[in-house]
Amino acid sequence: MKVGKGLHRMEYKNLLFEIEEGIATITFNRPKALNAMNSETMGELLHAVTRCRNNESVRGIILTGSGEKAFVAGADIAEMQNLRPKEALAFMELGHETLRLLETLPKPSIAAVNGFALGGGTEISMACDIRFASETARFGQPEILIGLIPGWGGTQRLSRLVGMGRAKELVMSGELIDAKRAYEIGLVNRIFPPDQLLTETKKFAKKLAGMPGFAVKMAKHAINFGYDLAIDNAIRIETECCAQCFSTDDQKEGMKAFLEKRKPAYTGS
Ligand code: DAK
């Protein structure tokens, strides 16, 4: 639905979704359950992320939570309580499909973590490229306290982001950490006062959206797909991605502008 100049909104039951100036903002919106993720919300997230992938006008994605208290307080414990293993597997796979799609989207994504990001909430934030947090944000993988382990990539993405020792500390104890500690261990990129979080996140998303788009895509691809490879193979991926940038008008324009001592005018081609 087109709402006003450059602003599109899409109706979901548990998400707010809008596109403004090339930035899609997806807001988890079940405030009574602290935005806990049930299967319906995860299905809607998959739909929204797919739309972002298919819509060429979307050049960046922000994920955040409605209300002041929570980003996402985890997978919905009430829904999960009586799941049989087969149903649990289906719920887990829906989450994996969604988060892997988000993580590998050829456009930048930022989690604006405005409160509790627990369990599935930390896991969703880690599938984004960058995490900005409000001073009041709290992170953790408390699944162990309810007889589980993380089920949407927490054991894997957390150790890649903060190291194995810190990941084990958090996953095995279930302890929560505040935004400052999350920043110290490299889980969070930047911290803002609560009333500035979304504005600053949008500002940064727009900055990334103004970069040469193909180079942004190649940078993300090289980092994502080189990370788990042996160094010689990883460097090969970087080399191929970098070489491909020379096929773009933006590379020609960027270098020409530098030599002519002027600002580049990128077209995204
Ligand atoms: N699920 C369902 N409802 C939740 C919830 C959650 N994760 N978190 C909060 N709520 C609900 C509360 O039940 C309460 O509902 P009412 O009683 O008002 O109806 C409402 O939100 C407000 O919460 P509180 O009253 O508890 O608020 P407080 O300020 O006192 O406490 C809190 C805030 C965030 C510290 C607390 O709510 C809390 O500890 N929440 C649970 C946090 C948590 O354990 N999160 C991790 C969930 S486990 C898998 C797939 C995924 C996963 C695992 C497996 N497979 C399918 C196999 C991932 C698992 C998780 O994420």
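Residues numbered from 1 in each chain as written. Predicted model: local features only at pLDDT ≥ 70, side-chain atom pairs only at ≥ 80, totals over all residues. Heavy atoms only, no water.

1. Some thoughts on the sheet that holds strand E11 (residues 176-178)
Part 1 of the reasoning: A sheet is described by the order of its strands in space; here four strands give the open sequence E6-E8-E10-E11, paired in mixed fashion. Since the sheet does not close on itself, it has two edges, and those belong to strand E6 (70-72) and E11, each with one partner. In this sheet, neighbouring strand axes are inclined to one another by 20 degrees on average, regardless of whether the strands run parallel or antiparallel.
Part 2 of the reasoning: Two strands pair when backbone bridges link them, and E6 and strand E8 (residues 116-118) are joined in this way by two bridges, in the parallel orientation. (Pairing = 2+ DSSP bridges. Helix = DSSP H or I, 4+ residues; strand = E, 2+ residues; numbered from the N terminus. Axes fitted to C-alpha atoms, helices over the stretch in contact; angles between N-to-C directions.)

2. A look at empty space enclosed by the protein
Part 1 of the reasoning: Across all of its chains, the model carries two cavities of 30 Å³ or more by this definition.
Part 2 of the reasoning: When its volume is computed, the largest cavity comes out at roughly 50 Å³.
Part 3 of the reasoning: In terms of lining, the largest cavity is formed by Glu18, Glu20, Ile23, Thr25, Lys202 and Lys206.
Part 4 of the reasoning: Elements supplying a minimum of two residues to the lining of the largest cavity: strand E3 (15-20), strand E4 (23-28) and helix H8 (197-209). (1 Å grid on protein atoms, 1.4 Å probe; cavity = no way out; pocket = protein on both sides within 12 Å on 5 of 7 lines; lining within 4 Å. Points joined across faces, edges and corners; volume = space filled by probe spheres on them.)

3. A closer look at the pairing of strand E7 (residues 109-113)
A regular strand places its side chains so that they alternate between the two faces of the sheet.
Part 1 of the reasoning: Across the five residues that make up E7, a large majority, five, are buried.
Part 2 of the reasoning: On E7, burial covers both faces: Ser109, Ala111 and Val113 on one face and Ile110 and Ala112 on the other are all buried.
Part 3 of the reasoning: Examined bridge by bridge, strand E5 (residues 60-65) and E7 share four bridges and lie parallel to one another. Each residue of the ladder has a partner; that of Leu63, found in E7, is Ala111.
Part 4 of the reasoning: Note that E7 and strand E9 (residues 130-134) share four bridges and pair parallel. In the sheet register, Ile110 faces E9, and the bridge partner there is Ile130. (Buried < 20%, exposed > 50% of the residue type's maximum accessible area, 1.4 Å probe, protein only.)

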